[in-house]
Amino acid sequence: MITLLDYQAGNLHSLQNAIERLGYTVLCTADPALLRQAEKVIIPGVGHAAPAMAFLKENGLDTVIRELTCPVLGICLGMQLLTEFTEEGQVSGLGVFDVTVKKLSGHLKIPHMGWNSVQYKPSKLFEEIPQEADFYFVHSYAATLGESTLATCEYGASFSVALAKNNFYGVQFHPEKSGKWGQQLLQNFLAL
Amino acid sequence: MLKKRIIPCLDIQGGRVVKGIGFEGLRDMGDPIALAQRYDAEGADELVFLDISATLEERATLSELVRNIAATIQIPFTVGGGIRSVNDAKKLLRSGADKISINSAALERPELITELAAAFGNQCVVVAIDVKTVNGVDCVFSHGGKKATHHEALNWALEAERLGAGEILLTSMNQDGAQTGFAISLTQKISQALSIPVIGSGGAGTVEDFSHLFKETEATGALAAGIFHTEKVAIAAIKNELYTQKIPVRWNPNL
């Protein structure tokens, strides 16, 4: 059973489809008790950081998530919420990853939208995936580089697109929208 | 490096894919799910579905169709057609669409762009702009290209960006269906002036039309319909051409 954190806001449908296609059962919930019992938790990425963080706090989920010992994967905004701080809405994150999230800047089209190639350090999360594989991105804020950086990509500058610390993982791109390699990455996480 | 996107567009009417020339004279092109699956398998980077149904009865099936598309493909897709409110958009996003495209409704009530961006984030909001260049003036049309508006294309695109659009889908009505190449100067003028991504649309007929668009403009994506539906041009052939021309593409067939 894979537990998908439901913020009540966004579209979980695509992610749920992608996981079910891999043969897993999905539970969408924001119930702290159910999250504590989860085998694996995915925090999806939809919407704006400030209301999402407020939702976690109001429901006591900030503490619950920090204390999870099962594998956790944050996707897009879900990853950004696990960092120390995000400039989007100037909110503190859960502080799992030692990086902060800053607005993309420079002479670039923003949002960073489309497929971009990813360079990663060896990790179970990227097993069977070639270096420079393309993943689908759509975001205007990006995580800095730090100890927890697992993968990077280039758009104006280099930034973290995958983070890892203990049982926590995060990816900036959308694996559920990234074709074959996205599916492989989800499969790798689900098999942890 | 960020890749240039090749985006097949599926015009939907009454649950079927249709295609016309110069926005008129529609022909049946097949089943949307089957086509979506084919394009995903062939390496399309993204898909756009525009419901051009004239009546509410024809459109009633859109959410259901979006649900089925989301269950089938693993690339992002945009849905447009008849979206007039945050609620309309929410229904489609909840059904699995990644982005919402608005056109006439944004022209009638530009605040809709801001409302959608506030509700779902600007990355979700595509503003589609249909442009006909008449006597050197880039005039914006609404209602599927049937009604002229008082908007000039560049000004409207800048306004849409300011209001919260995350992307512009720019269609040249002069070129649409003609298969004689994209509207280069229009696309360059607008893509250069904006800081959000611009997708060029209308006029694709050959693989070279795509490399021409990406070399001459700052468009980050190219949209086409007819040439894909009729299999006149294969997505792989476009990617091969772009790769040969040193334009970054996904699924490089030479690696």
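Residues numbered from 1 in each chain as written. Chains lettered and ligands numbered in written order. Predicted model: local features only at pLDDT ≥ 70, side-chain atom pairs only at ≥ 80, totals over all residues. Heavy atoms only, no water.

Visitor: Please explain the overall build of chain A as it appears in this structure.
Guide: Check the secondary structure of chain A and you find six helices and 14 strands. For a compact globule of 192 residues, the expected C-alpha radius of gyration is about 16 Å, and chain A comes in at 15 Å, within 12% of that figure. By its C-alpha atoms, chain A is 45 × 35 × 30 Å across when sized along the principal axes. Each of the 192 residues in chain A was classed as buried or not, and the buried ones make up 61%. (Helix = DSSP H or I, 4+ residues; strand = E, 2+ residues; numbered from the N terminus. Rg over C-alpha atoms; globule rule 2.2 N^0.38 Å. Buried < 20%, exposed > 50% of the residue type's maximum accessible area, 1.4 Å probe, protein only.)

Visitor: It is not clear to me how the side chain of A:Ser160 should be interpreted in this structure. Could you clarify?
Guide: With respect to the helices and strands, the residue A:Ser160 is situated in strand β13 (residues 157-165). In this view, A:Ser160 contacts A:Met79, A:Ala143, A:Thr144, A:Leu145, A:Gly146, A:Thr149, A:Ala151 and A:Gln172; residues no more than four positions away in its chain are not counted. (Contact = heavy atoms within 4.5 Å.)

Visitor: Sorry if this is basic, but what is going on with the environment of B:Ile102 here?
Guide: Residues and elements named next belong to chain B. Within the element layout of this structure, Ile102 appears in strand β6 (residues 99-102). Sequence spacing of Ile102 and Cys9 is 93 residues, and the spatial spacing of their C-alpha atoms is 15 Å. Setting aside residues up to four positions removed in sequence, Ile102 forms contacts with Ile83, Leu112, Ile113, Leu116, Val126, Val127 and Ala128.

Visitor: Whenever I open this one, the side chain of A:Asn116 confuses me. Can you help?
Guide: Topologically, A:Asn116 is positioned in strand β8 (residues 112-117). For A:Asn116, a relative accessible area of 0% puts it in the buried group. Separated by 3.1 Å, the side chains of A:Asn116 and A:His112 make a polar contact. Separated by 2.9 Å, the side chain of A:Asn116 and the backbone oxygen of A:Glu154 make a polar contact. Apart from residues lying up to four places away in sequence, A:Asn116 is in contact with A:Ala133, A:Asp134, A:Phe135, A:Phe137, A:Cys153, A:Glu154, A:Tyr155, B:Met1, B:Leu2 and B:Lys3. (Polar contact = N/O pair within 3.5 Å; in protein donor to acceptor, adjacent residues only side chain to side chain.)

Visitor: Would you explain the interface of chain B and chain A in this entry?
Guide: Reports of interface size often rely on the accessible area that becomes lost once the parts have come together. On the side of chain A, 31 residues touch chain B, which itself brings 37 residues to the contact. Regarding the contact of chain B and chain A, the summed buried area is about 2,600 Å², with carbon and sulfur atoms giving 48% of it. Considering only the side of chain B, the residues that lose the most area to chain A are B:Leu2, B:Gln74 and B:Arg94, jointly responsible for 27% of the buried surface there. Counting across the chain B and chain A interface gives three salt bridges. (Buried area = accessible area lost by both parts, 1.4 Å probe. Salt bridge = Lys/Arg side-chain N within 4 Å of Asp/Glu carboxyl O.)

Visitor: Looking at this structure, I do not really get helix α9 (residues 207-216) of chain B. What am I missing?
Guide: Structurally, the α-helix is built with 3.6 residues per turn, so residues lying three or four positions apart point the same way. Listed as buried for α9(B) are B:Val207, B:Asp209, B:Phe210, B:Ser211, B:Leu213 and B:Phe214. Packing partners of the buried residues in α9(B) comprise β1 (5-13), α8 (184-193), β11 (198-201), β12 (221-224), α10 (226-229) and α11 (235-244) of chain B.

Visitor: What is the right way to look at the UniProt feature "active site" (unreviewed entry) in chain B in this model?
Guide: All names here are of chain B. Within this structure's numbering, the places UniProt gives as "active site" (unreviewed entry) are Asp11 and Asp130. A compact arrangement is adopted by the annotated residues: their sequence extent is 120 residues, whereas the largest C-alpha distance between any two is 14.5 Å. You can see Asp11 is positioned in strand β1. Here Asp11 falls in the buried class, since its relative accessible area comes to 15%. (UniProt positions renumbered as here; feature names shortened; annotations may be inferred.)

Visitor: Just checking my understanding: could you explain unusual backbone geometry for this structure?
Guide: Note: most peptide bonds trans; most residues except glycine with negative phi. Residue A:Pro111 is reached from A:Ile110 by a cis peptide bond, and omega for that bond is 10°. Counting through the fold element by element, A:Pro111 comes out in the loop between β7 (100-103) and β8. In this model, A:Glu132 sits at a positive phi of 70°, which is unusual for a non-glycine residue. Note on A:Glu132: relative accessible area 44%, which makes it partly exposed. In this structure, B:Gln179 is a non-glycine residue whose phi angle is positive, near 55°. Judged by its relative accessible area of 29%, B:Gln179 falls in the partly exposed class.

Visitor: Is there a simple way to think about the pattern of salt bridges in this case?
Guide: Close approach of charged atoms allows side chains of opposite charge to pair. Applying the stated criterion to the full structure yields 19 salt bridges over all chains. Between A:Lys109 and B:Glu218 there is a salt bridge, with the nearest N and O atoms lying 3.6 Å from each other. Of this pair, A:Lys109 sits in the loop between β7 and β8 while B:Glu218 sits in the loop between α9 and β12, on two different chains. By relative accessible area, A:Lys109 is classed as buried at 10%. Owing to a relative accessible area of 31%, B:Glu218 belongs among the partly exposed residues under this scheme. Taking the shortest distance from any N to any O, the salt bridge between B:Glu167 and B:Arg5 comes out at 2.7 Å. With a gap of 162 residues between them, B:Glu167 in strand β10 (residues 167-172) and B:Arg5 in strand β1 connect regions that are remote in the sequence. Here the two residues B:Glu167 and B:Arg5 agree in accessibility, since each one is buried. A single network of salt bridges, built from pairs that share partners, joins B:Arg5, B:Glu46, B:Lys99 and B:Glu167.

Visitor: Even after reading the chapter, I still don't get the environment of B:Gly43, so can you show me in this structure?
Guide: All names here are of chain B. One can find Gly43 in the loop between α1 (32-42) and β4 (47-51). Distance from Gly43 to Arg250, taken between C-alpha atoms, is 8.0 Å for residues 207 residues apart in sequence. Setting aside chain neighbours within four positions, we find Gly43 in contact with Ile235, Lys239, Arg250 and Trp251.

Visitor: So what exactly am I meant to see when it comes to the nonpolar core here?
Guide: Nonpolar side chains in soluble globular proteins tend to end up buried together. Judged by nonpolar contacts, the single largest core of 79 residues is most densely connected at B:Leu47, B:Phe77, B:Ile113, B:Ile168 and B:Phe210. Of the residues forming this core, the biggest block, six residues, is contributed by helix α7 (residues 153-163) of chain B. With residues near it in sequence (within four places) discarded, B:Ile168 still touches B:Val127, B:Ile129, B:Ala157, B:Ala160, B:Leu194, B:Ile196, B:Pro197, B:Val198 and B:Ile199. Among the nonpolar cores identified, the runner-up in size contains 38 residues, and A:Leu73, A:Ala133, A:Phe159 and A:Val171 belong to it. (Core = buried A, V, L, I, M, F, W, Y, C linked by side-chain atoms within 4.5 Å.)

Visitor: Teacher, can you tell me more about the UniProt feature "active site" (unreviewed entry) in chain A here?
Guide: All names here are of chain A. Under the present numbering, the feature "active site" (unreviewed entry) in UniProt falls on Cys76, His174 and Glu176. With the annotated positions falling across 101 residues, the maximum pairwise C-alpha distance of 11.2 Å places them together in a single cluster. The residue Cys76 is located in the loop between β4 (72-75) and α5 (77-80) in this model. On the accessibility criterion, Cys76 (8% relative accessible area) is buried. Those residues within four positions of Cys76 in sequence are excluded, and the remaining contacts are Gly45, Val138, Val171, Gln172, Phe173 and His174.

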